[in-house]
Amino acid sequence: MLKVETDLHQLAEAASRGDRPALDDLVRALQADVVRTTRLIVGSGSTVAEDAAQDALADMTRGIGGLEDPHAVRAWALRIATRRAMKASRSERLLRLRRERHITIPETDSLPSRRTVELRSAFHALKPRLRAVAVLRLYVGLSEAETAAVLSIPVGTVKSQLHAARFELSRALTDAGVVPATQVRSKDRGAPREETRH
Amino acid sequence: MKKPDTDLVDDGEITAMLRGLAGSAEPVRRTSRPPRSLVRTAATFVAAAALLLPALALARWVADHGSSGSAACADAVTFDGRPYVGHEIRTSGDVRAAAGVGVATTVYCDDTGDTPGDGTPARPVRMRGVQGIDPEVALMSRELSHVVYVAVGRCADLRFREELSGCLRERLDLQGRRYSRFRVHEDHGPAPEQVGAPFLATLSTPAVTARVSVRKIQGIAAVDAVSAEADPRNVYVVDGRCYVGISVDLLSCLRDAG
């Protein structure tokens, strides 16, 4: 991880000085985080999300000269992705109302359980800001302080919004009658706890 | 009102759900956006093309395949912007006309090859639906009860002719999209190369609904087409793609579409 961060830092320094190959490598290295973060905040399966991800990558290319701290290049990229995603979420809502949204994103789960389907639906129904906090904390794996920096909000707000996201998801599952909780054991680095329930 | 249990969803479960949704590391659909000033001009051309292309596509299809099909080019029509070609129904037991759907237009047709301009002029034809089949897939006319008009590219392979009804009714549903079956035959080249992990789709036929395993085709986005894992030559194409292509052209058409 440290080696990766060091490489990113060096690439960012070179790219910000106008080194085009370094910029290409930097964008390639950050692409997965940017694309998936944007997609998850806007809504997987949305054409708007895919366009927003592409716009975020273009913003990175155009804005690299203004990068102030090469050590924080990942947070800078995630900030661009999050802003694009939040902006796109408004368009996405309009498209969803007009039923003009879906494309196929190959999924990891070939046959998700009903609980997972309900959870996904509830997640898409969250406000974009809550989705952003949840994605940055629980998928990307940022700390509360890092999430706060990316979203330009206080750490306390990150905590309260993540709690609100959990609460809304729980309420949606309860309303859908999906109980008891599936035992999910996270192996992801972004998951802050590992526990099972009965 | 029951208070939601905020412990019901733990962070690990949310993380797992998000990982399942994250998808590929690249934007799935690459689009370039023209400046707004160009959009209006382009829209004008697109509107004009939308009026002309179905007829042109149909004319091309008829020119390429009309002589081998069971219907003459006089049986070709455009309806609601889509080209259809007529097929004679030899066994019409389960193909029955439904309610009227509107008016189609025949294309100018001269399949005699004699005097230019000596063909049958285009004219309006009142159309009916086919029971149990989406009008975007097939229609019947009020004039010819033995002909079913099939959207160009749909079940167009002659080897499906005897099972036309079943083919028209077969649907694959994958993540909210509907696909139709095409067959890439051995004499049209190698089987499509499959890539990536298999995923499940729902296949519906008049007789059965089942979950089947499909895979992505090399060079073709899954939003455009997939192929059956058990038989890669069975290619399922999303509605609206490659109207003109039949199996010999299908894969190149789909690759161009991407």
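Shown above is the structure to which this text applies.
## Observations regarding the overall build of chain A
Line of reasoning, step 1. For chain A, the count of helices and strands is eight helices and zero strands.
Line of reasoning, step 2. For chain A, the residues scored as buried account for 42% of the 198 residues in total.
Line of reasoning, step 3. Sequence separation of at least 24 residues holds for 69% of the intrachain contacts in chain A that already meet a minimum separation of 6.

## A short note on unusual backbone geometry
Line of reasoning, step 1. Positive phi outside glycine occurs at S152 of chain A, with the angle close to 55°.
Line of reasoning, step 2. Checked against the element boundaries, S152 of chain A lands in the loop between α7 (144-151) and α8 (155-175).

## Concerning the environment of R171 of chain A
Residues and elements named next belong to chain A.
Line of reasoning, step 1. Mapped onto the elements of the fold, R171 is located in helix α8.
Line of reasoning, step 2. Taking the number of C-beta atoms within 10 Å as the measure of exposure, R171 has 18 and is therefore partly exposed.
Line of reasoning, step 3. Separated by 49 residues in the primary sequence, R171 and A122 place their C-alpha atoms 8.9 Å from one another.

## Section: the environment of M140 of chain B
Residues and elements named next belong to chain B.
Line of reasoning, step 1. Among the secondary structure elements, M140 is positioned in strand β5 (residues 138-141).
Line of reasoning, step 2. With 43 residues separating them in the primary sequence, M140 and A97 have C-alpha atoms 6.3 Å apart.
Line of reasoning, step 3. Discounting residues that sit within four places of it in the chain, M140 has contacts with A97, R128, V130, V148 and Y149.

## Here's the deal with the sheet that holds β5 of chain B
Residue and element names in this part refer to chain B.
Line of reasoning, step 1. The antiparallel closed barrel is built from six strands, whose spatial order is β1-β2-β6-β5-β4-β3. Across the sheet, the axes of successive neighbouring strands diverge by a mean angle of 45°, strand direction being ignored.
Line of reasoning, step 2. Of the pairings in the sheet, the one linking strand β4 (residues 124-130) to β5 comprises two bridges and is antiparallel in character. If you follow M127 over to β5, its bridge partner there is S141.

## Observations concerning the sheet that holds strand β12 (residues 234-238) of chain B
Residue and element names in this part refer to chain B.
Line of reasoning, step 1. With antiparallel pairing, six strands are arranged side by side around a closed barrel as β7-β8-β12-β11-β10-β9. Each strand of the sheet is rotated relative to its neighbour by a mean of 45°, with strand direction disregarded.
Line of reasoning, step 2. Where strand β9 (residues 194-204) meets strand β10 (residues 209-217), eight bridges bridge the pair, whose relative direction is antiparallel. Its bridge partner being in β10, F199 is matched across the sheet by V214.

## Brief notes about helix α2 (residues 20-42) of chain A
All names here are of chain A.
Line of reasoning, step 1. In the structure, α2 departs most strongly from a straight axis at L30, where the bend amounts to approximately 50°.
Line of reasoning, step 2. Three or more residues of α2 are buried, namely L23, L26, L30, V34, V35, R36, T37, T38, R39, L40, I41 and V42.
Line of reasoning, step 3. In the stretch just after α2, G43 is the one whose phi turns positive, near 135°.

## A short note on helix α5 (residues 114-125) of chain A
Line of reasoning, step 1. End to end, α5 of chain A covers 17 Å across 12 residues, agreeing with the expected 16 Å (1.5 Å per residue, within 8%).
Line of reasoning, step 2. For α5 of chain A, the complete set of buried residues consists of L119, R120, A122 and F123 of chain A. Burial along α5 of chain A is one-sided: seen end-on, the buried residues are contained in an arc of 165°.
Line of reasoning, step 3. Check the buried side of α5 of chain A and you find it contacts α6 (128-140) and α8 of chain A together with α1 (11-22) of chain B.

Criteria and thresholds
- Residues numbered from 1 in each chain as written.
- Chains lettered and ligands numbered in written order.
- Predicted model: local features only at pLDDT ≥ 70, side-chain atom pairs only at ≥ 80, totals over all residues.
- Helix = DSSP H or I, 4+ residues; strand = E, 2+ residues; numbered from the N terminus.
- Buried ≥ 20, exposed ≤ 12 C-beta atoms within 10 Å, placed from the backbone.
- Contact = placed C-beta atoms within 7 Å.
- Pairing = 2+ DSSP bridges.
- Axes fitted to C-alpha atoms, helices over the stretch in contact; angles between N-to-C directions.
- Bend = angle between axes of the 7 residues up to and from the residue.
- Expected span 1.5 Å × (residues − 1).
- Arc of directions from axis to C-beta.

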